[in-house]
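# Tertiary structure, described
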Amino acid sequence: MASSDREFLDAAGAVLRSTAPGEDPLEALGWWDLLSELTDHDARSAALALFRAQGRELADSVALGALIAQPYLAVTGHEPGQLVAAIARRSRRGERLVVVGDVTDRTLLVDRPGRGAAVVAASKVELVRVAVPGRLALHEVRVDDAELAPVATEDEAVAARARGLFLGRVAAGLEILGAAEGTLTLAVAHAGAREQFGRPIGAFQAVRHLLAWAQTDCVALESVVTTAVRLDDAAPPRYSEIAKALAGRNGRRVCERSMQVLGAIGFTEEHDHHHFHSRVLALDALLGTSAELTHALGAWCRETRTDPATPVTALLASAGA
């Protein structure tokens, strides 16, 4: 990680830890101002560093929905911070709309492929809390179509939708990475403190292997998502899907291996492991699960005979990365 990226991440973490209840950490970070400058690498890195910090700190905000909604602002006429995207999610009950964070004073963007985009005040919809651990505020949105005010035709929404999905998937991947790093930190600390047979369990080879595998998964995910941040519009087709698919898979594996190291204490309600693990699972379920995206990418590679790694390697080489 570049030193400037590390500074952004550390600053975001510090603000998230120190913000008092009722205050908006995004305001304190000046995060809303960054949304209009995402074409600049430093601004984009700073804006997306927030999500990794949120995962590490188990913090909560409307940033994911606001980031997805950002490309629509030119069409809707809203200012950054006013508009938050409702995210469509498939479930056993069919498609559902979900919002992340406290959106009670926001305007919601509802984009339906094939039908264009609409907006509705949060006060006009029913918000049903989704009870999951993870210290993540999730609400299912129930809205009558009659309440939706069209703001963009399908033709107008296509480009904004693609951009919003790219940003949202990269951001969710970074937050999954942060949560995975958070639970791995707990496991490493436990391995150094917990003793068996007169030795810290971290001295045993089996435990070391679990921690090494978990760290490898984190490093691999970090490489993929930070490459997406660096390439941005120059990223090859479907690269954000690759990043999001890897995030779901690696995030779950890190949490599972950390649980093996933590043992019984990791199962307790008082321990934070289940919050990190639940956050990974909740974010994996948004914007395409790891299983869904992997299947779709595999089918695409077979049909097109495309090797996604080739254009990425060429782009990084040309950039001197």
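Above this note sits the structure.
Below is a short write-up of the structure.

Quick notes on the rules
Residues numbered from 1 in each chain as written. Predicted model: local features only at pLDDT ≥ 70, side-chain atom pairs only at ≥ 80, totals over all residues. Heavy atoms only, no water. Helix = DSSP H or I, 4+ residues; strand = E, 2+ residues; numbered from the N terminus. Buried < 20%, exposed > 50% of the residue type's maximum accessible area, 1.4 Å probe, protein only. Contact = heavy atoms within 4.5 Å. Lys, Arg positive; Asp, Glu negative; His and termini not counted. Charge placed at Lys NZ, Arg CZ, Asp CG, Glu CD. Pairing = 2+ DSSP bridges. Axes fitted to C-alpha atoms, helices over the stretch in contact; angles between N-to-C directions. Expected span 1.5 Å × (residues − 1). Parallel < 35°, antiparallel > 145°, perpendicular 65-115°, else oblique. Left-handed = near helix turned anticlockwise from the far one by under 90°. Bend = angle between axes of the 7 residues up to and from the residue. Core = buried A, V, L, I, M, F, W, Y, C linked by side-chain atoms within 4.5 Å.

## Side note on the overall build of the chain
For the chain, the helix and strand inventory stands at 12 helices and 10 strands. With the C-alpha coordinates of the chain rotated into their principal frame, the extents come out at 65 × 45 × 40 Å. Looking at the chain residue by residue over its 321 residues, the buried ones come to 51%. Within the chain, contacts between residues separated by at least 24 positions form 69% of all contacts whose residues are at least 6 apart in sequence. One finds the centroid of the 33 positive side-chain charges in the chain at a distance of 9 Å from the centroid of its 41 negative side-chain charges.

## Brief notes about the sheet that holds strand β4 (residues 107-112)
Within the open sheet, the 4 strands sit side by side as β1-β4-β5-β8. Their pairing is mixed. The open sheet has two edge strands, β1 (83-85) and β8 (149-152), and neither has a second partner. Ignoring strand direction, the axes of neighbouring strands in this sheet form an average angle of 35°. Here β4 pairs with strand β5 (residues 116-121) via 6 bridges, running antiparallel. Across the sheet, Leu108 pairs through a bridge with Val120, a residue of β5.

## What about helix α9 (residues 239-262)?
The end-to-end C-alpha separation of α9 is 34 Å, in line with the 34 Å expected for 24 residues at 1.5 Å each. Here α9 lies mainly inside the structure; 17 of its 24 residues are buried. Positive phi shows up at Gly263, right after α9, with a value of about 70°.

## Focus: the packing of α9 against helix α10 (residues 273-284)
How two helices sit against one another is set out by the angle between their axes and by the gap between those axes. Between α9 and α10, the least distance of the axes is 9 Å, while the angle of their chain directions is 160°. As far as their axial angle goes, α10 and α9 are roughly antiparallel. In the crossing of α9 with α10, the sense of the turn from one axis to the other is left-handed. Every residue of α10 that contacts α9 at Lys244, Gly248, Gly251, Arg252, Cys255, Glu256, Ser258, Met259 and Leu262 is listed here: His273, Phe276, His277, Val280, Leu281, Leu283 and Asp284.

## So, unusual backbone geometry
As a rule of thumb, non-glycine residues mostly have phi less than zero, and peptide bonds are mostly trans rather than cis. Even without a glycine there, the phi angle at Phe197 is positive, about 55°. By the element assignment, Phe197 lies in the loop between β9 (195-196) and β10 (199-200). We classify Phe197 as exposed; its relative accessible area is 77%. In this structure, Asp232 takes a positive phi of about 50° despite not being glycine. Looking at the secondary structure, you find Asp232 in the loop between α8 (205-231) and α9. Asp232 gets classed as buried once you look at its relative accessible area, which sits at 6%.

## Regarding helix α7 (residues 154-193)
Given a rise of 1.5 Å per residue, 40 residues ought to cover 58 Å, and the 57 Å separating the end C-alpha atoms of α7 matches this to within 8%. In α7, a bend of some 25° at Ala160 exceeds every other bend along the element.

## Brief notes about the nonpolar core
Counting 93 residues, the largest nonpolar core has Trp31, Phe51, Leu67 and Leu108 as the members making the most contacts within it. At 14 residues, the largest contribution of residues to this core is made by α7. If we skip the residues at most four places from it in the chain, Leu67 touches Trp31, Leu35, Leu38, Leu48, Phe51, Leu167 and Ala171.

## Description of the environment of Ala59
Within the fold, Ala59 resides in the loop between α4 (41-57) and α5 (63-69). Separated by 157 residues in the primary sequence, Ala59 and Thr216 have C-alpha atoms spaced 25 Å apart. Apart from the residues within four sequence positions on either side, Ala59 is in contact with Leu16, Gln54, Arg135, Glu175 and Arg279.

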